[in-house]
Amino acid sequence: MVETIQWTDGAVVMIDQTRLPLEEVFVTCRTYEEVAAAIRDMIIRGAPAIGVAAAMGVALGALQAPEADFDRHMAVVCDTLAGTRPTAVNLFWAIDRMKRLCAALRGRPIGEIRARLVEEALLVRVEDIEICRAIGRNGAPLVPDGKTALTHCNAGALATAGYGTALGVFRAAVESGKRIDVFADETRPFLQGARLTAWELQQDGIPCTLITDNMAGHFLHSGRIGCVVVGADRIAANGDVANKIGTYSVAVLARENNVPFYVAAPISTLDLTIASGEAIPIEQRAAAEVTHIQGRQIAPTGICVQNPAFDVTPARYVSAIITERGVARAPYEQSLRELMDRAC
Ligand code: MRU
């Protein structure tokens, strides 16, 4: 399986997701500024992978920070990384985790602080892979055998440190002996489905069919799709789910056609400080992502464009939320709180 992000010789190495599937190129970030740019430019993307990158970015920042001005420098590092993308809460979760450790180590020798922050970032990465495998184990029983599963965007190994959340559920279903195939929405405008999900599943030998986003309703109506599984960027206390733009339409179409709609996400994607999806900040991205495809202009020059990168699916369309600690069902205020409070 692809190595999405690694710590090698004091640098962060990530596969460049803007160039997949045509080129497998690795980018090396030696400074926290380079990690921040990689997150902003979507060289690395997907909520859990962004979290891992941010943790490693903080660790790089600690290696760069002068001893005399360590605390002030680390505040700048954390603010810079936190300013990269607003929606995926895993980014802020990872930065907070690193900040807490930094605060707990205050007064210790600088060499020790740096080493412990690097260790913690590596732990965030390893834990993320284990968490995805647990999500897969918990979700696999929900995937109907012998049917097609639909997914939107890329919630796979590329969106995590490895294995994936939604794609982790499919991988675990296949590993448990289920015969499934996957329909991948292409996911305009950034094409995470066409470029990344299709590539990942093909690499794994999991049968995958690529469809354009506007075909999802047709296939959900056909009776062929047994379930939808998607990832999430932030889940509010009431179970509203922010995920890649277009997820909401798929969820409504799934409900209309009595197809279960599942969300697979780690506990670090829960934001119980937010009561409902209304308060989730939605990233607005550049118009060029809509007017151009792979650098080629497809719309009239000067046309007005909207490009929200995420939408919010109201909890009433979500059949269940699959986490590493178990499967939550409505009422989500209660079930998500229980999972959050449950010991790992
Ligand atoms: O803009 P992206 O590519 O970072 O958006 C990714 C998604 O919306 C994923 O579905 C989500 O982060 C879950 S990834 C396990």
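A quick note: this is a predicted structure, and the numbers were derived from the prediction, not measured.

(A) Broad picture of the site of the ligand. Taken together, 18 residues lie around the ligand, and Arg-85, Gln-192, Asp-233, Asn-243 and Lys-244 are the ones closest in. Measuring from an oxygen atom of the ligand, one finds a backbone N or O atom of Ala-47 at 2.8 Å. Between the ligand and Lys-244, the relevant distance is 2.7 Å, taken from an oxygen atom to a side-chain nitrogen or oxygen of the residue. Surface burial for the ligand is 99%, taken as the share of its 420 Å² of free accessible area covered by protein chains. Only α2 (47-64) and β9 (241-244) provide two or more residues apiece to the shell around the ligand. By residue class, the composition of the shell around the ligand is eight nonpolar, six polar and four charged. In this structure, the shell around the ligand is formed jointly by two domains, domain 1 (5-133) and domain 2 (139-341), each of which donates at least three residues.

(B) Broad picture of the packing of aromatic side chains. A complete count under the given rule lists two aromatic pairs for this structure. Ring centres 4.9 Å apart and planes at 80° place the aromatic pair Phe-183 and Phe-219 in the edge-to-face group. Separated by 36 residues along the polypeptide, Phe-183 in strand β5 (residues 181-185) and Phe-219 in helix α8 (residues 216-221) bring together distant segments of the chain. A cation sits over an aromatic face here: Lys-244 above Phe-310, 4.3 Å from the ring centre. The ring of Phe-190 is capped by Arg-285, whose NZ or CZ atom sits 6.0 Å from the centre of that ring.

(C) Quick peek at the environment of Thr-4. Its location among the elements puts Thr-4 in the segment before β1 (5-8). It is 5.6 Å that separates the C-alpha atoms of Thr-4 and Ile-15, two residues lying eleven residues apart in sequence. Contacts of Thr-4, omitting those with residues within four sequence positions, involve Val-13, Met-14, Ile-15, Gln-17, Ile-44, Ala-49, Ala-157, Leu-158, Thr-160 and Ala-161. Of the polar contacts made by the side chain of Thr-4, one reaches the backbone oxygen of Ala-157; its length is 2.7 Å. There is a polar contact of 3.4 Å between the side chain of Thr-4 and the backbone oxygen of Thr-160.

(D) Layout of helix α3 (residues 70-82). Taking 1.5 Å of rise per residue, 13 residues should cover 18 Å, and α3 covers 18 Å from first to last C-alpha, within 8% of that figure. When α3 is considered as a whole, its buried residues turn out to be Phe-70, His-73, Met-74, Val-77, Cys-78 and Leu-81. Taken down its axis, α3 places every buried residue within 135° of arc, on the same side. Facing away from the buried side of α3 by more than 90 degrees, the exposed set consists of Arg-72 and Asp-79. Each element contacted by the buried residues of α3 is listed here: α1 (32-40), α2, α4 (89-104) and α5 (110-139).

(E) Fine view of the domain arrangement of the protein. Domain assignment breaks the protein into domain 1 (5-133) and domain 2 (139-341). Here domain 1 and domain 2 have C-alpha centroids that lie 25 Å from each other. Across the contact, 29 residues belong to domain 1 and 33 residues belong to domain 2. Roughly 2,700 Å² of surface becomes buried between domain 1 and domain 2 when both sides are summed, with 58% attributable to carbon and sulfur atoms. The interface formed by domain 1 and domain 2 holds one salt bridge in total. For Glu-283, the salt bridge is made with Arg-85, and the minimal N-O distance between the two is 2.8 Å. One can count 14 residue pairs in polar contact (both at pLDDT 80 or more) joining domain 1 with domain 2. Looking at the side of domain 1 that touches domain 2, the elements with two or more residues in it are α2, α4 and α5. Tallied by class, the residues present in the side of domain 1 that touches domain 2 amount to 16 nonpolar, five polar and eight charged.

(F) Up close: the pattern of salt bridges. This model, assessed by the stated rule, comprises 17 salt bridges. Among the salt bridges present, the one from Glu-112 reaches Arg-116, with a minimum N-O distance of 3.9 Å. Here Glu-112 pairs with Arg-116, and both are found in helix α5, just four residues apart, close to one helical turn. Relative accessible area serves as the criterion here: at 32%, Arg-116 is assigned to the partly exposed category.

(G) Spotlight on the pairing of strand β4 (residues 148-151). Of the two faces of β4, both are covered, the one formed by Thr-148 and Leu-150 as well as the one formed by Ala-149 and Thr-151. Sheet analysis places β4 next to β5, joined by four bridges and oriented parallel. Along β5, the bridge assignment pairs Thr-151 with Ala-184. Taking the sense of rotation as the criterion, the β-α-β connection linking β4, helix α6 (residues 166-175) and β5 turns out right-handed. With three bridges connecting them, β4 and strand β7 (residues 225-230) associate as parallel partners. Within β7, the position partnered with Leu-150 by the bridge is Val-228.

Reading the values: rules and limits
- Residues numbered from 1 in each chain as written.
- Predicted model: local features only at pLDDT ≥ 70, side-chain atom pairs only at ≥ 80, totals over all residues.
- Heavy atoms only, no water.
- Near = heavy atom within 4 Å.
- Polar contact = N/O pair within 3.5 Å; in protein donor to acceptor, adjacent residues only side chain to side chain.
- Areas by Shrake-Rupley, 256 points an atom, 1.4 Å probe, with all protein chains shown as cover.
- Helix = DSSP H or I, 4+ residues; strand = E, 2+ residues; numbered from the N terminus.
- Nonpolar A, V, L, I, M, F, W, Y, C, P; charged D, E, K, R; others polar.
- Domains from an automatic or database assignment.
- Phe/Tyr/Trp six-rings, centres within 6.5 Å; stacked < 30°, edge-to-face > 60°.
- Lys NZ or Arg CZ within 6 Å of the ring centre and 35° of its normal.
- Contact = heavy atoms within 4.5 Å.
- Expected span 1.5 Å × (residues − 1).
- Buried < 20%, exposed > 50% of the residue type's maximum accessible area, 1.4 Å probe, protein only.
- Arc of directions from axis to C-beta.
- Buried area = accessible area lost by both parts, 1.4 Å probe.
- Salt bridge = Lys/Arg side-chain N within 4 Å of Asp/Glu carboxyl O.
- Pairing = 2+ DSSP bridges.
- Right-handed = clockwise from strand over helix to strand, strands pointing away.

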